[in-house]
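Residue-level listing of the chains:
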Amino acid sequence: MQAVELEKAFAPKSFEDRIYVRWLESGAFKPKSGVQREGGSGSAPYVIVIPPPNVTGVLHLGHGLVVSLIDIVIRFHRMRGEPTLWVPGTDHAGIATQHVVEKRLQARGLTRHDLGRERFVEAVWEVKEEHHAVISRQLARMGASVDWSRERFTMDEGLSGAVRDVFVTLYERDLLYKGNYLVNWCSSCGTALSDDEVEHEEVGGKMYRLRYPVAGVLTEGSAVPGSGGTGRFVEIATTRPETLLGDTAVAVHPEDGRYRDLVGKELCLPLTDRRIPVVADAYVDREFGTGAVKITPAHDPNDWEVAKRHDLPVISILTPQGRLNDAAPEKYRGLTVVEARERVLADLKDGGFYIREEDITHAVGHCYRCHTVIEPFLSQQWFVRMKPLAEKALAAWRGGELIFYPRKWEHTYRHWLVNIRDWCISRQLWWGHRIPAWYCSGCGKMTVSREDITVCPHCGSTGVEQDPDVLDTWFSSWLWPFSTLGWPEAADKRGIPGAPNDFETYYPTTALVTAYDIIFFWVSRMIMAGLEFTGKVPFRDIYIHGLVRDKQGRKMSKSLGNGLDPLELVDEYGADALKFTMAFLCAQGQDILIDKESFKLGSKFANKIWNAARYILMNLEGRNLTPDPVLLPVDRWIYSRLNGAAGIMTEAFLSYRFNDAAQTAYEYFWNDFCDWYVEATKLSMREGHEGEKDRAATVLLDVLAESLRLLHPLLPFITEEIYGKLPFRGGNSAGELLINAPYPVYREDRDDPPVEAGFTLLRALVRMVRTLRSECTIPPEKKIRVLVWPGRGGDTGQGPEGEGAGGFLRANQGLIRLLAGIGDLEIGDGGGRSRPQGAIGLAGTGFEAFVYIAEAADMAFLKQKFSRELEKDCKFITGLEAKLANENFIRNAPPELVAGEKQKLQDAL
C-alpha cells in the first residue's frame, strides 16, 4: 500500500467549499427513505425548520450559534439512518426591512410617499434579493446541511396564501376583531407594536410632584395656584408631566382616608380650562407616591383599564408622528414630546402648580428595531383573541406533548400563556402581507376574504378599497412549521396519489432550536397556531439555548462594537472551528461568554485531528491491510473507550447537551486516541515483524475511520476530507461519503472493564514516571530504570494472564517502556518490599514504583533544588504554626479563617 498524503499544514479554505459542493451534488441534504440502522429510528423522520433570519442583512454570531447547533443534530440523526429534513428560509421582517429601504431613500432626499406604494414595494423586493443571496452564502460557508430545494420565504406565494387563509379563518371563528384600542406606538417607524416587540430598559429620569387644585373648595392659608385665592389641592407624582393635557380623572384608593371626602368631586386640570373627577379605584397603591394617580387613558395601559371601569372620556393628545395634536391647548400643538415636556414644566412652575422633582431610574419601553421611545397610542387596530388559543397550548404542555430543554423554560412558557393579552397584529407599513379586508364606500360595510375583491358582496358597489395596513411579521412566522411544508394546500391533498406530501410526511416537525429571548412571541405562538389550524403541536422537542455575549457578559451589538462576524471567524479558523467551539461552550441554561480568541479552541482541535490523520496515513507505505486482525489489549482498550464515548455522545445529542457531546469528543480523540493509542501503536510499528505492522496499521485505520464518524456532526468538513482519503479493507467503500455513513452505536459487548481497569493502572504508572522525569529534568532521550511492585488482589481488574495487576503490567512491559521512556523495567512480586537504594518511590492505586533516579539525574542539582523546596516548605509551616499560636489571632479572626489556616497546616505536614 502507498502512503496517503495530506497537506502538511491544516488549511480548511483548501477543501471546505469543495466538500460543500460535493454534498450538494450528491443530494446528501435531502431526506431519504429510512435506513434501519442500529440505534436509529429507521423510517421516523427527524425534521427541523430553521428559525428564519431576517432578510435585512448579514447573519451575526447569534445566528452562527443556532445554525451550528441545528446542523450538529441534523447530521447526527441523518447518520442514524432517519429521513432527515432541515428546511431553510428567511423572514421578510416588515419593520426592519422597510426601515432599511427608507434610510436609503432618505439619503437620496426621498420618502416612500415620493415613490408610491407599488414602486416602494418593488424597491424592497430588490433589497430582499440582495440580502438573501448574502445570507444563503453565509449558511453554506458555515456548512449548514439544509435542503435548499425546499427553501421558503415568508412572502412567497405559498406562505402568503397560508397567511391569508389563517386571517380569514380566525375572523370566521370570532378570534379576530378590529377596534379602537391603546397600543404601543413607534413614532419613528410609524406603526403599532405588540407588547413583545417593546424592549424595556432602565434609564435615568425624573419624578415630578404637581398640584391639582380642588374645584370650589376654599380653606384657610393655602394659596390656589393661579387664582389669587385660597383652596385645597391634590398632589400627584408623574414621570411624564406633558401627558396631564390628556388627563380625564385622578384616582385614589377607596379605603384611603386622606381622600375619602374628595371622591366624586372635581379638580381643576392645570394649564387647561377642563375639570376632571376624583374616582375611587382599587388599582391605586396607597403606599406609593402620594396615593393619588393622574389618569390619562389614551397614554397609559393601566389608565385605559381604569377609564373603562369608570366610563371616563379618552383624550389622545399625540399625532402618529409623536407630536401634540389639536386636543392639546393651542400653544403646545406641533411640539414633540420632549419639547412639550419642557414647555409644560415651565408653565407649571409659572402657574404655581410645580412642587419639586427628584432623580429616579425607571424602565422605559423602546422600539425593538429603531430604539425610539414607545408611546402608548390610541388607534384602530386588528387584534387576535389569544386566551382560547393559549388554553390549548397550555393543555398540550400539561399533557406531555411538549418537552423543554432545559425544563426551567416551562415556567416561563406557562406564565406567559396564563397572563396573555390580545395580540395587535396590524402594522402601519407598506412592506408585508396586506390585510385581506375591504371597505365599501357605498354601504360602509367591511368584507374579509381569501380572494381579492373588486365588487362589494353586500351592495354590488365597485367602490371598495383594501385595508392599507399590513400584518405583523410574526403573523407569518407563527405558521412557519407547517406553512413551509405546503399547508394548507398539502393538507387538503393528503392521501391523494402523486400529490405533494411534505406536510403529511414531515409534520409535525421534531424539534425547535432557538434562543430564550423569543420564547414568548414566536415559540408559544407557533404552538398555538399549530394546535388551532392543524390539530397538532408543531414540534415535540424545544431546545432553548442562551444568548451569545462578550467576555464581560454584555449582549453583542453594533453600538458596543463587540460583535463578531461568523464569516470572518470561518475565514480565519474554519467552519469546523466555529461549530465545535460554539457547541463546546453551549451549556444548557447558560449564556455563552465568548471572544475571538475563544475559537482557537476549535481550531487547535481540528489541527490535532488533521495532524493525527496525517501521521497515520504517512506511515502506510508498504503495509497490507489484514482481514479480521487479532486485537491486543491496547486495541481492546481503545475500542472500549470509543464505545463509551459513542454512548455518552449519543445520549448528549438526543437530549441537546451539546457541550457534553463536544467535551466527550475532545477528551476521547485528543487524550485517549492521540496521546495514548497512537503513541502505543508505535511499539508495533517500530519493533514488530511485518505481519504485526500490517495488523497494527489495519486496526489503527479502523479506529481512525470510526472516530471520524464519531466526530462528524461536530466537525463535518475536516472529517469528510480525511475520511475520503482512507484506504478501507476490500476497497474504499465505493467512495461513500462520511455524511451518509452510520454513526457509531454503543454496544455492551464492546465494553471491556478488565482491560479498561488495567490501562487505568498502566496510564497512572506512566504519568507518574513522566512527571518525575520532568521534575528531575531528565532529558527524554535518557532511559531510566524502574522497579514496580504490583498490589495484590483484583480490584483493578484481571490482566490477560489472570494474575491481576502484575499480570497485566508484565503483559504490557514493552508498551510501558515506550510510553514512559524506561530502559530497564522490572515488575516484581512485592516480596520484601524494602526501598531500593538510590531510588525515589511513587505510590499509585494498585502499585508502588521505584525510579532509580541516581543513575539518570544530576544529583547535585537535585539536592540543591529539593533543599530549596524543603526550606520554603519549612518556612511556610513555621509561619502557620506561629500564627495559630497567637492567641489574639485565634480570638479575633473569623472562625472560618482560623479553620482554613489549620487545614493548611495539616495539609503541609
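Residues numbered from 1 in each chain as written. Predicted model: local features only at pLDDT ≥ 70, side-chain atom pairs only at ≥ 80, totals over all residues. Heavy atoms only, no water.

Caption draft 1: Highlighting the overall build of the chain. Scanning the chain from terminus to terminus reveals 28 helices and 29 strands. Dimensions of the chain along its principal axes, counting C-alpha atoms only, are 110 × 90 × 55 Å. Burial status across the chain gives 54% buried among its 909 residues. Look at the contacts in the chain between residues 6 or more apart in sequence, and 77% of them connect residues 24 or more apart. Only carbon and sulfur atoms are counted for the fraction: they give 49% of the accessible area of the chain, which is about 40000 Å². Across the chain, the 108 positively charged side chains and the 123 negatively charged ones have centroids separated by 2 Å. (Helix = DSSP H or I, 4+ residues; strand = E, 2+ residues; numbered from the N terminus. Buried < 20%, exposed > 50% of the residue type's maximum accessible area, 1.4 Å probe, protein only. Contact = heavy atoms within 4.5 Å. Areas by Shrake-Rupley, 256 points an atom, 1.4 Å probe, with all protein chains shown as cover. Lys, Arg positive; Asp, Glu negative; His and termini not counted. Charge placed at Lys NZ, Arg CZ, Asp CG, Glu CD.)

Caption draft 2: Quick peek at the nonpolar core. Core analysis: the largest hydrophobic core is formed by 214 residues, its most contacted members being Leu 61, Phe 475, Trp 478, Phe 669, Phe 673, Leu 714 and Leu 726. When residues of this core are assigned to their parent elements, the largest contribution, 13 residues, is made by helix H20 (residues 658–687). One finds Leu 245, Val 250, Tyr 332 and Tyr 354 within the second-largest nonpolar core, a separate group that totals 37 residues. (Core = buried A, V, L, I, M, F, W, Y, C linked by side-chain atoms within 4.5 Å.)

Caption draft 3: Looking closely at the packing of helix H19 (residues 633–654) against helix H23 (residues 753–775). Contact geometry of H19 with H23 gives a least axis separation of 9 Å together with a crossing angle of 105°. Regarding the angle of H19 to H23, the classification is roughly perpendicular. Facing H19, whose interface residues are Pro 633, Val 634, Arg 636, Trp 637, Ser 640 and Arg 641, H23 presents Val 755, Glu 756, Phe 759 and Arg 763. Of the residues contributing to the contact of H19 with H23, the split by class is 5 nonpolar, 1 polar and 4 charged. (Axes fitted to C-alpha atoms, helices over the stretch in contact; angles between N-to-C directions. Parallel < 35°, antiparallel > 145°, perpendicular 65-115°, else oblique. Nonpolar A, V, L, I, M, F, W, Y, C, P; charged D, E, K, R; others polar.)

Caption draft 4: Summary view of the environment of His 366. As for its position among the elements, His 366 is in strand E13 (residues 354–367). Judged by its relative accessible area of 8%, His 366 is buried. Separated by 181 residues in sequence, His 366 and Trp 185 have C-alpha atoms that sit 9.6 Å apart. Once residues within four sequence positions are removed from consideration, His 366 is found in contact with Glu 197, Val 198, Glu 199, Glu 201, Val 203, His 371, Thr 372, Val 373 and Ile 374.

Caption draft 5: Representation of the sheet that holds strand E28 (residues 840–844). Read across the open sheet, the 4 strands follow the order E27-E26-E29-E28; overall the sheet is mixed. With one partner strand each, in any of the chains shown, strand E27 (822–827) and E28 form the two edges of the open sheet. Strand-to-strand twist across the sheet, computed as the mean angle between neighbouring axes with direction ignored, equals 20°. Pairing between strand E26 (residues 784–790) and E27: 5 bridges, direction parallel. Its bridge partner being in E27, Leu 787 is matched across the sheet by Glu 826. Taken strand by strand, H23 contacts E26, E28 and strand E29 (847–851), and its axis lies near 30° from that of E29. (Pairing = 2+ DSSP bridges.)

Caption draft 6: Broad picture of the packing of aromatic side chains. Enumeration according to the criterion identifies 49 aromatic pairs in this entry. When the ring of Trp 125 is compared with that of Phe 153, the centres are 5.6 Å apart and the planes differ by 70°; the resulting orientation is edge-to-face. Taken as a pair, Trp 125 in helix H5 (residues 117–141) and Phe 153 in strand E4 (residues 152–153) lie far apart in primary sequence, 28 residues in all. The rings of Phe 167, Tyr 171, Trp 382, Trp 423, Phe 475, Trp 478, Phe 482, Trp 487, Phe 503, Tyr 507 and Phe 533 are connected pair by pair, giving a single aromatic cluster. Over the ring of Tyr 354 we find Lys 349; its NZ or CZ atom is 4.8 Å from the centre of that ring. The ring of Trp 423 has Arg 525 lying over it, and the distance from NZ or CZ to the ring centre is 3.9 Å. (Phe/Tyr/Trp six-rings, centres within 6.5 Å; stacked < 30°, edge-to-face > 60°. Lys NZ or Arg CZ within 6 Å of the ring centre and 35° of its normal.)

Caption draft 7: Unusual backbone geometry, seen in detail. Here Trp 487 and Pro 488 are connected by a cis peptide whose omega angle stands at 10°. Its location among the elements puts Pro 488 in the loop between helix H12 (480–483) and helix H13 (489–492). Here the residue pair Tyr 507 and Pro 508 is connected by a cis peptide bond, since its omega of 0° sits within 30 degrees of zero. Here Pro 508 lies in the loop between helix H14 (502–506) and strand E22 (511–515). Residues other than glycine seldom take positive phi values, yet Tyr 656 does so here, at roughly 60°. If you trace the backbone, Tyr 656 turns up in the loop between H19 and H20. Taking the relative accessible area as the measure of exposure, Tyr 656 reaches 2% and is therefore buried.

Caption draft 8: How the structure looks around helix H18 (residues 600–618). Taking 1.5 Å as the rise per residue, H18 with 19 residues should run 27 Å; its terminal C-alpha atoms sit 26 Å apart, in good agreement. Those residues of H18 that fall on the buried side of the exposure criterion are Gly 602, Ser 603, Phe 605, Ala 606, Ile 609, Trp 610, Ala 612, Ala 613, Arg 614, Ile 616 and Leu 617. (Expected span 1.5 Å × (residues − 1).)

Caption draft 9: Representation of the state of the cysteines. Enumeration according to the criterion identifies 0 disulfides in this entry. In this structure Cys 456 is a free cysteine whose sulfur lies 3.7 Å from that of Cys 443, the closest cysteine sulfur available. (Disulfide = S-S within 2.5 Å.)

Caption draft 10: Broad picture of the packing of helix H16 (residues 566–573) against helix H17 (residues 575–585). At their nearest, the axes of H16 and H17 sit 6 Å apart, and the two run at 115° to each other. Between H16 and H17, the contacting residues are Pro 566, Leu 569, Val 570 and Tyr 573 on the first element and Ala 575, Ala 577 and Leu 578 on the second. For the contact of H16 with H17, the residue count by class is 7 nonpolar, no polar and no charged.

Caption draft 11: Expanded view of the sheet that holds strand E11 (residues 275–280). Spatial strand order, E10-E11-E9-E12: 4 strands in an open sheet with mixed pairing. The open sheet has two edge strands, strand E10 (266–268) and strand E12 (292–295), and neither has a second partner. Here the strands of the sheet are splayed against their neighbours by 30° on average, with no regard to which way each runs. Here strand E9 (residues 249–252) runs beside E11; their pairing, made up of 3 bridges, is parallel. Bridged to Val 252 within E11 is Ala 280.

Caption draft 12: Quick peek at the pattern of salt bridges. By the definition in use, this model includes 58 salt bridges. Notably, a salt bridge pairs Glu 532 with Arg 173, separated by 2.7 Å at the nearest N-O pair. Placement of the pair is Glu 532 in helix H15 (residues 519–534) and Arg 173 in the loop between helix H6 (157–172) and strand E5 (176–186), with a sequence separation of 359 residues. The network of salt bridges with common partners includes Asp 17, Arg 137, Arg 141 and Asp 571. (Salt bridge = Lys/Arg side-chain N within 4 Å of Asp/Glu carboxyl O.)

Caption draft 13: Inspection of H15 at higher detail. Here H15 spans 21 Å end to end across 16 residues, near enough to the 22 Å set by a 1.5 Å rise per residue. With 15 of its 16 residues buried, H15 lies for the most part within the structure. Backbone geometry just downstream of H15 places Gly 535 in the positive-phi region, at approximately 80°.

Caption draft 14: View of the environment of Leu 245. Structurally, Leu 245 is set in the loop between strand E8 (233–238) and E9. Residues Leu 245 and Thr 296, 51 residues apart in the sequence, show an inter-C-alpha distance of 8.5 Å. Look past the residues within four positions of Leu 245 in its chain and what remains in contact with it is Leu 271, Thr 272, Arg 274, Ile 317, Leu 324, Ala 328, Pro 329, Tyr 332 and Val 344.

Caption draft 15: Region of interest: the environment of Gly 444. Among the structural elements, Gly 444 can be located in the loop between strand E18 (437–440) and strand E19 (446–448). Between the C-alpha atoms of Gly 444 and Ala 346, which are 98 residues apart in sequence, the distance is 47 Å.

Caption draft 16: The arrangement of the side chain of Ser 449 in detail. Counting through the fold element by element, Ser 449 comes out in the loop between E19 and strand E20 (464–466). Of the polar contacts made by the side chain of Ser 449, one reaches the backbone oxygen of Glu 451; its length is 2.6 Å. (Polar contact = N/O pair within 3.5 Å; in protein donor to acceptor, adjacent residues only side chain to side chain.)

Caption draft 17: Quick peek at the confidence of the model for the chain. In the predicted model, the chain carries a mean pLDDT of 89, and 94% of its residues have values of at least 70. Taken as a whole, residues 218–230 scores under 50 in pLDDT and shows 24 contacts with residues more than four places along the chain or in a different chain. With pLDDT under 50 throughout, residues 792–802 is counted as low confidence; its partners more than four residues away or in other chains account for 20 contacts. (pLDDT = per-residue confidence, 0-100.)

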